[in-house]
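# Residue-level structural notes
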Amino acid sequence: ALSAQPYSAAFSSTHSARRNRFMKRVLLFVAAVFASLLCSAQVQTINWSYKVTMTGEGTARVIFTGRIQEGFHTYSITADNSRTEIMEVKTRGCSLSGALREEGNFTEESGKLVCYDEIRLMQDIRLSGKSAEYSGCIASFVCAGQMCKPESWNFNVKIEEAATSKPAKKSSLRLWK
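Criteria and cut-off values
Residues numbered from 1 in each chain as written. Predicted model: local features only at pLDDT ≥ 70, side-chain atom pairs only at ≥ 80, totals over all residues. Heavy atoms only, no water. Helix = DSSP H or I, 4+ residues; strand = E, 2+ residues; numbered from the N terminus. Buried < 20%, exposed > 50% of the residue type's maximum accessible area, 1.4 Å probe, protein only. Contact = heavy atoms within 4.5 Å. Disulfide = S-S within 2.5 Å. Pairing = 2+ DSSP bridges. Core = buried A, V, L, I, M, F, W, Y, C linked by side-chain atoms within 4.5 Å. Phe/Tyr/Trp six-rings, centres within 6.5 Å; stacked < 30°, edge-to-face > 60°.

Turning next to the overall build of the chain. Counting its secondary structure elements, the chain contains one helix and eight strands. The helix and strand sequence of the chain, counted from the amino end, reads α-β-β-β-β-β-β-β-β. Split into buried and exposed, the 177 residues of the chain put 29% on the buried side. Sequence-distant contacts in the chain: of pairs separated by 6 or more residues, those separated by 24 or more amount to 65%.

Disulfide: a covalent bond formed between the sulfur atoms of two cysteine residues. Inspection of the entire model under this criterion finds one disulfide. The residue that forms a disulfide with Cys143 is Cys148, at a sulfur-sulfur distance of 2.0 Å. Handedness of the Cys143-Cys148 disulfide follows from its S-S torsion of about 110°: it is right-handed. Judged by relative accessible area, Cys143 falls into the buried class, the value being 0%. For Cys148, a relative accessible area of 39% puts it in the partly exposed group.

Counting buried positions along strand E7 (residues 131–144) yields eleven of 14 residues, so the element is predominantly enclosed. Bridge analysis of strand E3 (residues 73–75) against E7 gives two bridges, and the strand direction is antiparallel. By the bridge assignment, His73 is partnered in E7 with Cys143. Bridge count between strand E4 (residues 85–92) and E7: six bridges; the pairing is antiparallel.

Next up on the list: the nonpolar core. If you look at soluble globular proteins, the nonpolar side chains tend to sit buried side by side. If you look at the biggest cluster of nonpolar residues, it comprises 24 residues, and the most contacted ones within it are Val62, Phe64 and Ile159. Contributions of two or more residues to this core are made by strand E1 (46–56), strand E2 (59–68), strand E6 (112–127), E7 and strand E8 (147–160). When residues of this core are assigned to their parent elements, the largest contribution, five residues, is made by E6. Each residue touching Phe64, except ones within four places of it in the same chain, is listed here: Trp48, Ser49, Tyr50, Ile86, Ile119, Arg120, Leu121, Tyr134, Ile138, Trp153, Phe155 and Val157.

All told, the structure shown has seven aromatic pairs when counted by the stated rule. Ring geometry for Trp48 and Trp153: centres 6.3 Å apart, planes at 20°, overall stacked. Here Trp48, found in strand E1, pairs with Trp153, found in strand E8; they are 105 residues apart in sequence, far enough to count as distant. Assigned by exposure class, Trp48 and Trp153 land together as buried. Judged by centre distance (4.6 Å) and plane angle (55°), the ring pair of Phe64 and Phe155 falls under tilted. Here Phe64 is found in strand E2, whereas its partner Phe155 is found in strand E8, with 91 residues between them in sequence. Assessed through its relative accessible area of 0%, Phe64 is described here as buried. Classification of Phe155 as buried rests on a relative accessible area of 5%. A connected cluster of aromatic rings, assembled from ring pairs, spans Trp48, Tyr50, Phe64, Tyr134, Trp153 and Phe155.

As structure tokens, this is what we get:
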């Protein structure tokens, strides 16, 4: 006949420690998956596009249009605000002509110019050949009330001598620190 062995306290503590380690690993895995989903679920609040217009012999204008989601706002590119800018600019076959300009329906709030619906950034380009490339990153702060987050949009504009308006490629969102 088989005799029942008494429940061992040592077995219980070993089993409990293994179970705790396993649960910690599961919880860390779930937290990592959840964090990656949150990061990938970042919604772009400014939807950027661009168009190229030839303005004369060997000159073009690139117009970036940012449509801002309802409930959000962004800031002007003026020196006092300096919240929206084009960074990491690279050119090939062209050079920038003049300063970056903006248009939009701006209002002053707490001494800063803000835009709630659509912002346009314009850059004139001087071509040095039949085709050119202008690339960079539009960096901005987008806010809903007092809650702000940095947002950026990478662009690569190809300019042909006979340029016409081109829709933007699907934008890639990149948060920067």
